[in-house]
Amino acid sequence: MYVVMTVTVLCFSSSHFSELTEVIFTVHSEESVLSSQYTDDVYAESLSMCALMCLLQEKCCVASFSDETSMCRLDKSENCCVVTILAVGSRALKQNKYSSSTCTNCLVYDRSLYKIIDNEKKWQEAVDDCKCQGGKLIEIETKKENDFILTELKNRNTGTLGYWLGGYNFNNDFDLEWISNPGQGMPFDGTGVGEPNNPFTELCLAAWDDIDFDWADIPCSAILPYICEFSAD
Ligand SMILES: [Ca+2]
Ligand SMILES: [Ca+2]
Ligand SMILES: [Ca+2]
């Protein structure tokens, strides 16, 4: 459950008041930012003060505040999609200013932007991260889109086993469907010869290096890089 909170900040220029800036945070109750090398724990009088401290830190997008201890945890990783954990009595704050897809270094094709993320994750974590960034784990609808992406993957040549795609074996049958259309077959099929071959143990779709990045069903617990797709509209 979350609510939206607005923090209004008065900005000064060197000589005069410049403008009132409104910054919006989404507040998630019963959540805390996980402590890491990027977090600082500081004291704050209130949730609003914690939000303000995050705002004043250039690299802070997410913070959390404990109502019991007044501890404000600032995340300074420049990442709006940091891991939060269940924490009774804490509230997590996320700035909305980055939540629309600010897609730097993205590939552009047709009406989509693509971000290849080399930080390897399990399939569901990749799904969640793309969603948090305002997009989705890539769904490839046409041969042209597939050719474009596969050319990029082959050129990168990073030695990875493969890249997660947004396909999953819904409906307990023998084919995979895109997350956005779990009830429909895929309009274009890029699976490699002999794939998918394990409908009960390999439920998640990846572009697989061994077969020239054709698609294959893979165990969802595999740790792979992935591609997020954003709407260019
Ligand atoms: Ca697509
Ligand atoms: Ca299926
Ligand atoms: Ca397989």
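Keep in mind it's a predicted model, so treat the numbers as computed, not measured. (Residues numbered from 1 in each chain as written. Chains lettered and ligands numbered in written order. Predicted model: local features only at pLDDT ≥ 70, side-chain atom pairs only at ≥ 80, totals over all residues.)

**Some thoughts on the overall build of the protein**
From N to C terminus, the protein includes 3 helices and 14 strands. Seen along its three principal axes, the alpha-carbon backbone of the protein occupies a region of about 65 × 40 × 35 Å. The 233 residues of the protein split such that 29% are buried. A sequence separation of at least 24 residues applies to 64% of the contacts in the protein between residues at least 6 apart. (Helix = DSSP H or I, 4+ residues; strand = E, 2+ residues; numbered from the N terminus. Buried ≥ 20, exposed ≤ 12 C-beta atoms within 10 Å, placed from the backbone. Contact = placed C-beta atoms within 7 Å.)

**Digging into unusual backbone geometry**
In this chain, E195 is followed by P196 through a cis amide linkage whose omega measures -5°. Relative to the helices and strands, P196 is located in the loop between β11 (177-178) and β12 (204-208). Its identity is not glycine, yet E78 carries a phi of approximately 60°, on the positive side. Along the chain, E78 falls in the loop between β5 (71-75) and β6 (84-95). One non-glycine residue with positive phi stands out, namely F213, at about 65°. Note on placement: F213 falls in the loop between β12 and β13 (214-218). With 21 C-beta atoms packed within 10 Å, F213 lands in the buried category.

**Quick word on helix α2 (residues 123-132)**
Those residues of α2 that sit buried are W123, A126, V127 and C130. All buried residues of α2 project into a common sector of 105° when viewed along the axis, lining one side. Where α2 is buried, its residues meet β8 (112-121), β9 (136-137), β10 (162-168), β12 and β14 (224-231). With its phi angle positive at about 95°, G134 sits one or two positions after the end of α2. (Arc of directions from axis to C-beta.)

**Regarding the UniProt feature "domain: C-type lectin" (unreviewed entry) in the protein**
The UniProt record marks residues 109-229 with the feature "domain: C-type lectin" (unreviewed entry), using the residue numbering of this structure. Secondary structure over residues 109-229 splits into 20% helix and 31% strand, and the C-alpha atoms at its two ends are 10 Å apart. (UniProt positions renumbered as here; feature names shortened; annotations may be inferred.)

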